[in-house]
Each structure stands twice: as C-alpha cells, then as structure tokens.
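# A structural walkthrough
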Amino acid sequence: MGGGGNMSTPTTKAEEKKNSLQRVPISKPPFTIGDIKKAIPPHCFERSLIRSSSYLVQDLILVYVFYYIASTYIPVLPTPYQYLAWPLYWIFQGSFSTGLWVIAHECGHQSFSDYQWLNDTVGFVLHSALLTPYFSWKYSHRRHHANTNSLENDENHVPKLKTKLRWYTKLYINNPVGRLFILMFTLTAGLPLYYAINVAGKPYERFASHYDPYSPIYNDRERLQILISDVGLIATSYVLYRVAMAQGLTWLICIYGVPVVIVNSFIVLITLLHHTHISLPHYDSSEWSWIRGALATVDRDYGVLTKIFHNITDTHVLHHLFSNIPHYNAMEATKAIKPVLGEYYQFDGTPFYKAIWRDFECIYVEKDEGSQDQGIFWYKQN
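Structural notes, computed from the coordinates. Note that this is a predicted model, so its numbers are computed, not measured. (Residues numbered from 1 in each chain as written. Predicted model: local features only at pLDDT ≥ 70, side-chain atom pairs only at ≥ 80, totals over all residues. Heavy atoms only, no water.)

## A look at a nonpolar patch on the surface
Taken together, V57, I61, Y64, V65, Y67, Y68, I69, Y73 and V76 make up a surface patch of nonpolar side chains, about 860 Å² in accessible area. Following the sequence through the fold, I69 ends up in helix α3 (residues 49-73). (Patch = residues over 30% accessible without salt bridge, like charges linked within 9 Å, V, L, I, M, F, W, Y side chains within 5 Å. Areas by Shrake-Rupley, 256 points an atom, 1.4 Å probe, with all protein chains shown as cover. Salt bridge = Lys/Arg side-chain N within 4 Å of Asp/Glu carboxyl O. Helix = DSSP H or I, 4+ residues; strand = E, 2+ residues; numbered from the N terminus.)

## Concerning the layout of surface pockets
Of the pockets and cavities examined, the second largest pocket occupies roughly 550 Å³. If you go around the second largest pocket, you meet 21 residues; those closest to its centre are V63, Q93, A129, I255 and Y256. Those elements giving two or more residues to the lining of the second largest pocket turn out to be α3, α4 (79-108), α5 (116-129), α9 (223-247) and α10 (249-275). Among the elements that make up the lining of the second largest pocket, the one with the highest residue count is α10 (six residues). Along the lines of polarity and charge, the residues of the lining of the second largest pocket split into 18 nonpolar, three polar and no charged. (1 Å grid on protein atoms, 1.4 Å probe; cavity = no way out; pocket = protein on both sides within 12 Å on 5 of 7 lines; lining within 4 Å. Points joined across faces, edges and corners; volume = space filled by probe spheres on them. Nonpolar A, V, L, I, M, F, W, Y, C, P; charged D, E, K, R; others polar.)

## Topic: the pairing of strand β6 (residues 376-380)
Buried residues dominate β6, accounting for five of its five residues. Burial along β6 is two-sided: I376, W378 and K380 facing one way and F377 and Y379 facing the other are all buried. Across three bridges, strand β2 (residues 281-283) lies against β6 in antiparallel orientation. From the neighbouring strand, H282 faces β6, where its bridge partner is F377. As judged from the three bridges shared by strand β5 (residues 364-366) and β6, these two strands associate in the antiparallel manner. Of the residues in β6, the one forming a bridge with Y364 is K380. (Buried < 20%, exposed > 50% of the residue type's maximum accessible area, 1.4 Å probe, protein only. Pairing = 2+ DSSP bridges.)

Treat this as a map of the structure, not an account of what it does.
Here you go:
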C-alpha cells in the first residue's frame, strides 16, 4: 500500500554490521554532487503525472473508505466496541492521511508532475484540507533544504547550544515522566506551533509566523502566496465550522480532528528522526557547505508505515540531494547512490518507537573537547 509494490530500500550486509550510532565522516566528501547524479539511472528523474495521480487516487479512495466505515458503522456499534473501533479508525485514517500530506510535500518540490501550476494546485488543496499552509510551508521548507544542518541558517529543527539551554531542560529530560510529557506535547502540538509562532524554527530578530505574509521568513515576491495559503485555511475552517454545526463538534473531532492530530504527529516524528541523531554533525558558517549539510541526515525504516508514507522515511538522504525525484523512483535511486556515498550514507534500522525515545534525549549540540577551533557540533545525550 502506498508504495506501489516497491519494497523498503534493502540494507546490505555492511549496513547491517555497521553501528548506526557511529559518527559519519566529517571530512570533505571525495565526490561531488555531479558524481552522485551520474550514478542514478536517468529515468529516476522522470515525473509521471499518471503514476503520481494513481497514488493520489489510491490514498483518496482509502481515506474515503475509512471515513464511510467510521461514520456509518461505528456509531451503531455497542458502546464497548466503539471504544475499540474509534482508535483503530484514527490510526488508519491518520496514517493514510499522512500519505496525502507527503504527496502534497512532493508537489511543493515539483516532483508530482512536469506542470508547476498543477503541482501547486494539488498541493494547495491537499495541505489546506489538512490545515497546513501550503505555500508558506513550501517556501520555508525550501530554505531548510538550502541550509540543512547549518546552525545559523537552517529553517527548522535547529538544535540549541549547550550554553543556551534553559535551566529546567535537564529536569524534565532526565525524568521519564517529564520526558514522556514533553515528547507527547511535541508530537501533537509541535507542528501547529511551528506554523503559528515558529517553535523549533530558525531564530529571527522579530516575530515569525507561517500565517503572516510579512513574516521575516518570506521575501516580497512570496507574500501574496502566503496570503493565498491563509485563504485556503480560512476556507477549510469555514467548512469545518459548517460541518460541526450540522453534525456536532464531537462527531467532527472523532471523524476529522483526531486523524489530523495524528498526521501532525507523524510529520513531526518523521522530520525529527531524520535530523536528530547522535551520529550526525551540525556546522557553523566556518565549516558548513551545502553537500556536507545535505549528507548529514539519516534514513529510517518504519515497517509497513514506510509504504503508507510513500517511502519518505527510508529515502531521505537522497531526498536532500535530489528533492525533485518522485517517491516511486526514490528507492531505486537510493540503492544506486549508496556505493558512491559509502560511509557518508547513514541508515538506522532501530524501530521508530524506540528511536524517538532514545533520540529525544538529544537536546543540545556542542563541540568535542580538543576541537574548539572547528565549527563542527555534535548531539550529546545525558
């Protein structure tokens, strides 16, 4: 499902033996982006509107089927069975709706089709329906790709320096109950707060928000499209208001609200685990280069969810090198670039539910002792 029969990127025996927590090389890569591109079969860069649309239609059908089953049959079940049926619906609906979010993400990278107007139309509709400001996210995400793992300029999941930690941070991170609470809060509220007030985003000198056309995140040419994103969210909110008036707020929360929260949680989980790993460096301006930053990310395996999420989880290293490759070609391309990248390619097969607990402890970065003259920073765990 969601992967068109493509299996998760196979790991080699060398990868299986490699310690996933072993640091990646920080020396200048012995290859160029051109060398990596030459290793990828040319057809992997081809975008097929028909094929992309087939994944879109597949996900839409599944989302509708889950909605129909939930709205028609769950309310007539005996009460005890409803307590089991609703969580199952939320998990399935939230998972496949995340697949739709990922397709909109591909539209933002122009990898859905050869037509920008169509990519932006599809992405705008899908993201607006899921309460994501499409153009606002598209432009901030583009800057994330342009500045990955730069301590000064990366757009999101920017780690804090140890010297800038709040006094209370270690109190909750070293407390299992406190860490669980902050983790759940981050997963459920992190994405809306990032959109609204730039939580975990790049620090700006003044207030920054994805909803503000005059936010410092954007330039003058982008402001009109930020306003269009806002209009899309207002339209979605109005539809939701009318539905709540007709069906009731509880019905709306059960059918739509909880699955959207799960979508947001998966997006935060996916992006956090791609960019938060003890083996990956961050760089200041004295050391950062585009290719070094792009390589400092990690592929993950989410089991069956990998396919539902259109393999965004296990082809992320490739995605930061060539974001215009569509997801249905990404696995073949990833396999092709592994021999070129060698030790610069990082994969962690730790189950995601274990990895998030382990890697959420990565709360700050600092330089290694004896390397204070280098602008290379590593996550440290308590």
